[in-house]
Amino acid sequence: MPIITALDSFAPALHLIAVFVFAVSGALAAAAKKQTFVTFAFFALVTGVGGGTVRDLLIGAPVFWMRDSLVPLTCLIAALLVWMTPQRIWKPTAIDWFDAVGMAAYSVFGTTKALSLGIGPVPAILMGVLTATAGGIIRDTLSGEPSIVLGSEIYISASALAGALFVVLLLLGVSLPIAAILGFAAGFTLRAGALARGWSLPSYRGAKED
């Protein structure tokens, strides 16, 4: 099945899931700062669509949420959901886990969209990583929190794993839905291990002293 045909039939659901969970993480960041609903909605929107917007601008595609009102509506629903629930329901680590789901889903979706527009496998994987991480970077910057990408904790590498495995499976002839599920599962599992067990990458320690 051609990538563009499979994208039309499979990816919309994956995309909205990614938008929703990223939007929830944005709204939770606003909740942690005890902000107004307007700020909740703004954080949800920029987190939900930030990565995809940057991706579309780079690959020369129409910005996706400008043509699909369901996307900003999904972000508003996510903001309203968090706004209407007591803060005690959301554990302090809830942002990280929602972000992990969104990261894995967006890694696969961003890679899929780039492939469908004729982008090569390696740049497509990088577009998947950008799609998955830019929204979280924007969220953390706006909320005044240190960005996860500046630490040694496994995050970008989990996104790259999701996109790379997805592409490799496609090249091996695996159907797009199965490849997407396996790519998502691999990326989420690696990120979950980092959250649950503290997995991290070695940090640069500089030149050895004489």
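Residues numbered from 1 in each chain as written. Predicted model: local features only at pLDDT ≥ 70, side-chain atom pairs only at ≥ 80, totals over all residues. Heavy atoms only, no water.

### Thoughts on the confidence of the model for the protein
Averaged over all residues, the pLDDT of the protein is 86; the fraction at 70 or higher stands at 91%. Across the protein, the element-wise mean pLDDT spans from 75 in helix α1 (residues 3–32) up to 95 in helix α6 (residues 156–171). (pLDDT = per-residue confidence, 0-100. Helix = DSSP H or I, 4+ residues; strand = E, 2+ residues; numbered from the N terminus.)

### Let's talk about the packing of aromatic side chains
Tallying each qualifying case throughout the model produces six aromatic pairs. Between phenylalanine 22 and tyrosine 106, the aromatic rings sit 5.5 Å apart at their centres with planes inclined by 40°, giving tilted as the arrangement. Here phenylalanine 22, found in helix α1, pairs with tyrosine 106, found in helix α4 (residues 94–116); they are 84 residues apart in sequence, far enough to count as distant. The buried category is assigned to phenylalanine 22, whose relative accessible area is 1%. Residue tyrosine 106 is classed as buried on the basis of its relative accessible area of 1%. Between tryptophan 97 and phenylalanine 188, the ring centres sit 6.2 Å apart and the planes meet at 55°, which makes this aromatic pair tilted. Of this pair, tryptophan 97 sits in helix α4 while phenylalanine 188 sits in helix α7 (residues 176–197), placing them 91 residues apart in sequence. For tryptophan 97, a relative accessible area of 33% gives the class partly exposed. For phenylalanine 188, a relative accessible area of 24% puts it in the partly exposed group. Ring pairs connect the aromatic residues Phe37, Phe40 and Trp83, which therefore count as one cluster. (Phe/Tyr/Trp six-rings, centres within 6.5 Å; stacked < 30°, edge-to-face > 60°. Buried < 20%, exposed > 50% of the residue type's maximum accessible area, 1.4 Å probe, protein only.)

### Side note on the pattern of salt bridges
In total, this model carries five salt bridges according to the counting rule given. A salt bridge links arginine 55 to aspartate 56; the shortest N-O distance between them is 3.0 Å. Note on accessibility: arginine 55 and aspartate 56 belong to one class, buried. Measuring nitrogen to oxygen at the nearest pair gives 3.1 Å for the salt bridge that ties aspartate 56 to lysine 113. One end of the pair, aspartate 56, is in helix α2 (residues 37–59); the other, lysine 113, is in helix α4, and 57 residues separate them in sequence. Using a relative accessible area of 13% as the deciding quantity, one classes lysine 113 as buried. Via salt bridges that share partners, Arg55, Asp56 and Lys113 belong to a single interconnected network. (Salt bridge = Lys/Arg side-chain N within 4 Å of Asp/Glu carboxyl O.)

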